[in-house]
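# Remarks on the overall topology
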There are 2 protein chains.
Amino acid sequence: MAKISKKELIVKHARSLFSQHGYELTTLEAVAKVCSITKPAIYYHFEDKAALYRAVICPEFTTIAQHIEENTQVGTAVQRLESYIKTFGEFLISHPDFNAIFAREIANSAITIPDECIEQLSRTIKQLIFILDAGEKEGVFQKETPFLIQMMIVTTLTSYNTARPLRERIAQTIEDKSRQEPNFENIIESLSKKIVKGLLC
Amino acid sequence: MAKISKKELIVKHARSLFSQHGYELTTLEAVAKVCSITKPAIYYHFEDKAALYRAVICPEFTTIAQHIEENTQVGTAVQRLESYIKTFGEFLISHPDFNAIFAREIANSAITIPDECIEQLSRTIKQLIFILDAGEKEGVFQKETPFLIQMMIVTTLTSYNTARPLRERIAQTIEDKSRQEPNFENIIESLSKKIVKGLLC
DNA sequence: ATAATTTTACTTACCGTTAAGTAAGGAGAT
DNA sequence: ATCTCCTTACTTAACGGTAAGTAAAATTAT
């Protein structure tokens, strides 16, 4: 297997801990411990805690922007929008740590994420705008605020995952045991159908 | 004007600070300062920081559950669902601090919110389940996971508000200045139409 | 009515812990 | 011998929480 540098190892473990506990409650001591090193070793590789956090999130934003652009270029507007949603949803499945971190960032107004990440987010939003505009020109989509559609996609999917423990607590107080939890692929599919249907003329 | 007790004053200011900075980054010293008292005075009224936080959020969950129940009893399933979404959205407008706190809680898996609040949330979910079931019986709604609909409503609306600074940063990187921000009432209305349309048979 | 006592609602001063960050030095590779 | 990559041992600051004391209001006793 490909060798992973110590620096990459720190980022990987830090990502896991940031995703579990959030930025404030993640201590560098804890990161060091799971990496089997000491705290100052982290300071050798990163300027400070914020720099480590940036190293954790920035590559993820870049990757998702690439995935989105690669997968939403061809087809009808409906197909491209479906692919946009599916690509985003599948990225969350394969990057659960990013899911949790991104959800917290949105709830926190994303004040701590660097401009570098904002640019990557802009790439995805621009792609969504292209798709919605194309749909309008095709005469299949109603005009709608792109940011609302983006929020419907992004926050519904990320929060559906982060809110799982909340759902389980709520489910315990509701008698109806017949309802079972659908898997996340089905949720992506359902959401996609609803958003497309809601947008159609 | 109605006299407000010192204890209520602490809760009010604490709610504002918790909503701005989150639980961890809100210090009791800061709460005390805006109340023009000292930190131990807070400990006179509340057992600890967590107890103050509970006093901040619990009444809000109770109020929203009441509003939802009061406003979604009559009419067709479509009307009741529209009222459900509108009532929730308008509560967020009139309780912006709750909006921010609730968004953070969902992103954080709601692990810190007490069972008392979960019960109130259950009341609203039960109401949504009633409405969706009624819609199925009327033959107008497709069967869908209620939690997905709940997430589409709750997280889209709360995050649309919390993500405002994020949107503004993104907007700066996109040339198109013609698009203007719709007000939140319009967002509620748009979301409502899309969810209802997406659910129709 | 008024004096004695108690309770309410705080303040001042402080403790203990925790976590970010640093200074200095050491082991191993080149 | 010097550079890389770390460790040990530390400083600093902040924050939750507490002990002890007090002014003023309320309650009770005389």
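Presented here is a report on the structure given in the accompanying data block. This structure is a prediction, so every number in the text was calculated from the model and none was measured.

What counts, and at which threshold
Residues numbered from 1 in each chain as written. Chains lettered and ligands numbered in written order. Predicted model: local features only at pLDDT ≥ 70, side-chain atom pairs only at ≥ 80, totals over all residues. Heavy atoms only, no water. Phe/Tyr/Trp six-rings, centres within 6.5 Å; stacked < 30°, edge-to-face > 60°. Helix = DSSP H or I, 4+ residues; strand = E, 2+ residues; numbered from the N terminus. Buried < 20%, exposed > 50% of the residue type's maximum accessible area, 1.4 Å probe, protein only. Lys NZ or Arg CZ within 6 Å of the ring centre and 35° of its normal. Contact = heavy atoms within 4.5 Å. Buried area = accessible area lost by both parts, 1.4 Å probe. Salt bridge = Lys/Arg side-chain N within 4 Å of Asp/Glu carboxyl O. Polar contact = N/O pair within 3.5 Å; in protein donor to acceptor, adjacent residues only side chain to side chain. Nonpolar A, V, L, I, M, F, W, Y, C, P; charged D, E, K, R; others polar. Expected span 1.5 Å × (residues − 1). Core = buried A, V, L, I, M, F, W, Y, C linked by side-chain atoms within 4.5 Å.

Glancing now at the packing of aromatic side chains. In the structure shown here, the tally under the stated rule is 16 aromatic pairs over all chains. Centre to centre, the rings of Tyr160(B) and Phe184(B) are 6.4 Å apart; their planes meet at 25°, and the pair counts as stacked. With a gap of 24 residues between them, Tyr160(B) in helix H8 (residues 146-162) and Phe184(B) in helix H10 (residues 184-199) connect regions that are remote in the sequence. Residue class for Tyr160(B) comes out buried when judged on its relative accessible area of 3%. Taken together, the aromatic side chains of Phe61(A), Phe91(A), Phe98(A) and Phe102(A) make up a single cluster linked through ring pairs. The cationic tip of Arg167(B) hangs over the ring face of Tyr160(B); the distance from NZ or CZ to the ring centre is 3.8 Å.

In this assembly, 54 residues from chain B lie in contact with 54 residues from chain A. Regarding the contact of chain B and chain A, the summed buried area is about 5000 Å², with carbon and sulfur atoms giving 64% of it. Across the chain B-chain A interface, the total number found is four salt bridges. Seen at the junction of chain B and chain A, the total is 21 residue pairs in polar contact (both at pLDDT 80 or more). Within the residue set of the side of chain B that touches chain A, elements represented by two or more residues are helix H1 (6-25), helix H6 (96-107), helix H7 (115-138), H8, helix H9 (164-173) and H10 of chain B. Broken down by element, the residue count for the side of chain B that touches chain A peaks at 11 residues, all from H8(B). Across the side of chain B that touches chain A, the residue classes break down as 30 nonpolar, 12 polar and 12 charged.

Another aspect to go through is the environment of Glu60(A). Residues and elements named next belong to chain A. Considering the arrangement of structural elements, one finds Glu60 in helix H4 (residues 49-71). Judged by its relative accessible area of 7%, Glu60 is buried. Expressed as a C-alpha distance, the spacing of Glu60 and Gln120, which sit 60 residues apart in the sequence, is 9.4 Å. Filtering out sequence-adjacent residues up to four positions away, Glu60 remains in contact with Arg15, Phe91, His95 and Phe98.

Residues and elements named next belong to chain A. Between its first and last C-alpha atoms helix H6 (residues 96-107) spans 17 Å; for 12 residues at 1.5 Å apiece the expected length is 16 Å, and the two agree. Residues of H6 that are buried: Phe98, Asn99, Ala100, Ile101, Phe102, Ala103, Arg104, Glu105, Ile106 and Ala107. In the stretch just after H6, Ser109 is the one whose phi turns positive, near 65°.

Turning next to the nonpolar core. Core analysis: the largest hydrophobic core is formed by 125 residues, its most contacted members being Leu52(A), Leu157(A), Leu52(B) and Leu157(B). Each residue touching Leu157(A), except ones within four places of it in the same chain, is listed here: Ile85(A), Phe88(A), Gly89(A), Leu92(A), Asn99(A), Phe184(A), Ile187(A), Ile188(A) and Leu191(A).

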